[in-house]
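# Summary of structural features
Here's the letter readout for the chains.
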Amino acid sequence: MSFNAHIITAYPDMFPGPLGASLSGRALKDGLWDLALHDLRDFGQGKHNNIDDTPAGGGPGMVLRADVAAAALDSVDNETALPLILPSPRGQVFSQSMAEDWAQAPGLVFLCNRFEGVDERFIEARRPLEVSLGDYVLAGGELAAMVMLEAVLRLLPGIMGKAESGRDESFSAANQGLLEYPHYTRPNMWDGRAIPDVVTGGDHEKLAAWRRAEAQAVTKSRRPDLWARLNDKKDDKSD
Ligand code: ADE
């Protein structure tokens, strides 16, 4: 059964964009996932087919109308109660564990917004999960939806070349939530630099220990926040 990605957007031409290339592009052609685009402008209101309006009470920018967002959402065939995601800088921060959860669903619905925000009454009534890529502001939710979708699609069965390559990567449970250890490939000597002996030496136990230590060192120095969280979790478990 294919994974159903629904995108509600005023810019359907942006899709599949980069998701049409590489692994996700091949998987789309092969029918491993399906992309359904829903144009917000088809649900515009009034003589001018408006989808947005000025903020009540004043302020900059425009606000996506609740009635337009709801009509677009209601047009999506969503019998399987797919999770509804609203990419937004106000959301909780996207993570690998969210991607892993969403990859278990039969699909996802993204509502992409290009305005100052969505009328809060829509959010109260339809309870989308507001998710942010990070603490910066994009011009709209489309690129954020693509990023989140790609993170999910590569976890679906049959999409990654080798099931193994997803296993040890950064943030994954199999890698104990650490950043990845360094990788090397041929040639053995490049620019006066050799691949470390432990990597090519053939002692698997020694290599595994080296990789673990490298993953810990890189996590500690680059992501002290992540390192502290992982250690807090460990302390909780041993309590
Ligand atoms: N839309 C605008 N900024 C965003 C962000 N940081 N994450 C997700 N969606 C957004």
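What you are looking at is a predicted structure, and each value in this text was computed from that prediction instead of being measured.

All right, on to the overall build of the chain then. Within the chain, the regular secondary structure consists of eight helices and 10 strands. The buried share of the chain, reckoned over its 239 residues, is 40%. Total accessible area on the chain stands at roughly 14,400 Å², and carbon and sulfur atoms take up 50% of it. Side-chain charges of the chain comprise 25 positive and 35 negative groups, with the mean position of each set lying 5 Å from the other.

All residues adjacent to the ligand are Pro87, Ser88, Pro89, Val131, Ser132, Leu133, Gly134, Tyr136, Val137, Leu138, Gly140 and Ala144. Ser88 is positioned with one of its backbone polar atoms (N or O) 3.1 Å from a nitrogen atom of the ligand. In this structure, Gly134 approaches the ligand through a main-chain N or O atom, which is 3.3 Å from a nitrogen atom. Out of a free accessible area of 260 Å², the ligand has 96% covered by protein chains. For the shell around the ligand, the secondary-structure elements that each account for two or more residues are β5 (84-93) and β8 (129-132). For the shell around the ligand, the residue count by class is eight nonpolar, four polar and no charged.

We now examine the domain arrangement of the chain. Under the domain assignment used here, the chain contains domain 1 (3-153) and domain 2 (167-238). Distance between the C-alpha centres of domain 1 and domain 2: 35 Å.

This brings us to the environment of Asn78. Take Asn78: it is sitting in the loop between α2 (66-74) and β5. Along the sequence, Asn78 and Leu108 sit 30 residues apart, while their C-alpha atoms lie 9.4 Å from each other.

Cut-off values and rules
Residues numbered from 1 in each chain as written. Predicted model: local features only at pLDDT ≥ 70, side-chain atom pairs only at ≥ 80, totals over all residues. Heavy atoms only, no water. Helix = DSSP H or I, 4+ residues; strand = E, 2+ residues; numbered from the N terminus. Buried < 20%, exposed > 50% of the residue type's maximum accessible area, 1.4 Å probe, protein only. Areas by Shrake-Rupley, 256 points an atom, 1.4 Å probe, with all protein chains shown as cover. Lys, Arg positive; Asp, Glu negative; His and termini not counted. Charge placed at Lys NZ, Arg CZ, Asp CG, Glu CD. Near = heavy atom within 4 Å. Polar contact = N/O pair within 3.5 Å; in protein donor to acceptor, adjacent residues only side chain to side chain. Nonpolar A, V, L, I, M, F, W, Y, C, P; charged D, E, K, R; others polar. Domains from an automatic or database assignment.

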